[in-house]
Amino acid sequence: MLKTVQSAFQSRISRHILLTDTERDALSRLEGQAVALGKRDHVVSDSKPNDRIAIVRSGWAVSRVRSDGNQTTISQIFMAGDIIGLSDIGLNRPPHETTMQTDGSVHLLSRKALCDFGAQNPRLFALILSLASLDATALNDRLHAITRYSAEDRLMHFLLTIKAKSEQISEHASDRFPLPLSQKEIGDALGLTDIYVNRLLRGLQKSGQLSLTRPNVKINERSVWATRLNFQDRYAALDFSWAS
């Protein structure tokens, strides 16, 4: 008998609740067919009205805020199993562009389709909103780090957050995690120049705190960093007992 392969979206949800067959079918219908996209392809454009929601099946995507002088800030990072556009659902057009950071695939659906899904599957919809709230909280933590931490501590906090999130996506435990971001893009997420990011990364590697074997990263002193920064793993703190 062939084993049914779950999507990354279903796998992530399955970490928190025991899905019924009916719920699995509903999730499969919601996702529909995946659309393959290449690196830098737009998932969502900020230049025109768009009511699409995207569920990332594979790969990474990022949202960018652009300002004068072609300066950019990376505001959100999406991995397999994430939903793109949920935080923008009340706006008549996406406020920022979202592009694929790697080759990958997404499931595209309308806001109405998601609304209909929520009406028919309130427990699943509540969990989807709860998972989305983790990213919002993690973004608030990054904002605090950017405004209050030293540059090195910002970078440490960012890497701890990416590691924590990747653990919720991956089905295989590993002390390494992918980081398909250039030094400039890491800087765009932290308000630092690529030269400064390079200097910080080299310093952490030289001291033995970090190992880089592109595209993978290994934090050698994760518990030390977490204690130093009083790091809170938001992705491991989901409480869904109220809806079970």
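Just so we're clear, the structure is a prediction, and the values are computed from it rather than from any experiment.

Draft legend 1. Broad picture of the sheet that holds strand S1 (residues 34-37). One open sheet accounts for four strands, arranged S1-S8-S3-S6; its pairing is antiparallel. At either margin of the open sheet sits one strand with a lone partner, and together these are S1 and strand S6 (83-84). Alignment of strand S3 (residues 52-58) against strand S8 (residues 104-110), held across six bridges, turns out to be antiparallel. When the sheet's bridge partners are listed, isoleucine 53 is paired in S8 with leucine 109.

Draft legend 2. A look at the pattern of salt bridges. The final tally for this structure, using the stated rule, is 15 salt bridges. Salt-bridge contacts for aspartate 188 lead to lysine 184; the nearest nitrogen and oxygen are separated by 3.0 Å. Separated by four residues within a single helix, aspartate 188 and lysine 184 lie in helix H6 (residues 183-190), roughly one turn from each other. By relative accessible area, aspartate 188 is classed as buried at 13%. Through salt bridges with shared partners, one network takes in Arg12, Asp82, Asp135 and Lys165.

Draft legend 3. Structural view of helix H2 (residues 21-31). For H2, every residue scored as buried is listed here: Glu23, Ala26, Leu27, Leu30 and Glu31. Looking down the long axis of H2, one finds its buried residues gathered within 130° of arc, a one-sided arrangement. Seen from the open side of H2, the exposed residues pointing more than 90 degrees away from its buried face are Asp21, Thr22 and Arg29. Phi for glycine 32, located one or two positions after H2, is positive at around 65°.

Draft legend 4. Fine view of the nonpolar core. Residues Ile13 and Phe158 are the most contacted members of the largest nonpolar core, which totals 56 residues. No other element matches the nine residues that helix H5 (residues 151-169) contributes to this core. The contact partners of phenylalanine 158, leaving out residues within four places of it in the chain, are Ile77, Arg142, Leu179, Leu181, Ile186, Ala189 and Leu190. Counting residues in each nonpolar core, the second largest holds ten residues, with Leu37, Val44, Ala54 and Ala61 among its members.

Draft legend 5. Broad picture of the side chain of serine 63. Within the secondary structure layout, serine 63 lies in strand S4 (residues 61-67). In terms of polar contacts, serine 63 uses its side chain to reach the side chain of threonine 98, at 2.7 Å. Those residues within four positions of serine 63 in sequence are excluded, and the remaining contacts are Thr73, Ile74, Ser75, Gln76, Phe78, Glu97 and Thr98.

Draft legend 6. Local environment of the sheet that holds strand S11 (residues 216-219). In space, the three strands of this open sheet follow the order S9-S11-S10, with antiparallel pairing throughout. Across the chains shown, the open sheet's two edge strands, defined by having one partner strand only, are strand S9 (176-178) and strand S10 (210-213). This sheet shows a mean twist of 25° between the axes of neighbouring strands, independent of strand direction.

Draft legend 7. Fine view of the packing of H2 against helix H3 (residues 111-120). At a minimum axis separation of 11 Å, H2 and H3 run at an interaxial angle of 170°. Considering the angle they form, H2 stands roughly antiparallel to H3. Only Ala113, Leu114 and Phe117 of H3 make contact with H2, whose side of the interface consists of Ala26, Leu27 and Leu30. Classifying every residue of the contact of H2 with H3 by side-chain character gives six nonpolar, no polar and no charged.

Draft legend 8. Focus on the environment of alanine 36. Tracing the chain through its elements places alanine 36 in strand S1. Distance from alanine 36 to valine 106, taken between C-alpha atoms, is 6.6 Å for residues 70 residues apart in sequence. Look past the residues within four positions of alanine 36 in its chain and what remains in contact with it is Gly104 and Ser105.

Rules and cut-offs
Residues numbered from 1 in each chain as written. Predicted model: local features only at pLDDT ≥ 70, side-chain atom pairs only at ≥ 80, totals over all residues. Heavy atoms only, no water. Pairing = 2+ DSSP bridges. Helix = DSSP H or I, 4+ residues; strand = E, 2+ residues; numbered from the N terminus. Salt bridge = Lys/Arg side-chain N within 4 Å of Asp/Glu carboxyl O. Buried < 20%, exposed > 50% of the residue type's maximum accessible area, 1.4 Å probe, protein only. Arc of directions from axis to C-beta. Core = buried A, V, L, I, M, F, W, Y, C linked by side-chain atoms within 4.5 Å. Contact = heavy atoms within 4.5 Å. Polar contact = N/O pair within 3.5 Å; in protein donor to acceptor, adjacent residues only side chain to side chain. Axes fitted to C-alpha atoms, helices over the stretch in contact; angles between N-to-C directions. Parallel < 35°, antiparallel > 145°, perpendicular 65-115°, else oblique. Nonpolar A, V, L, I, M, F, W, Y, C, P; charged D, E, K, R; others polar.

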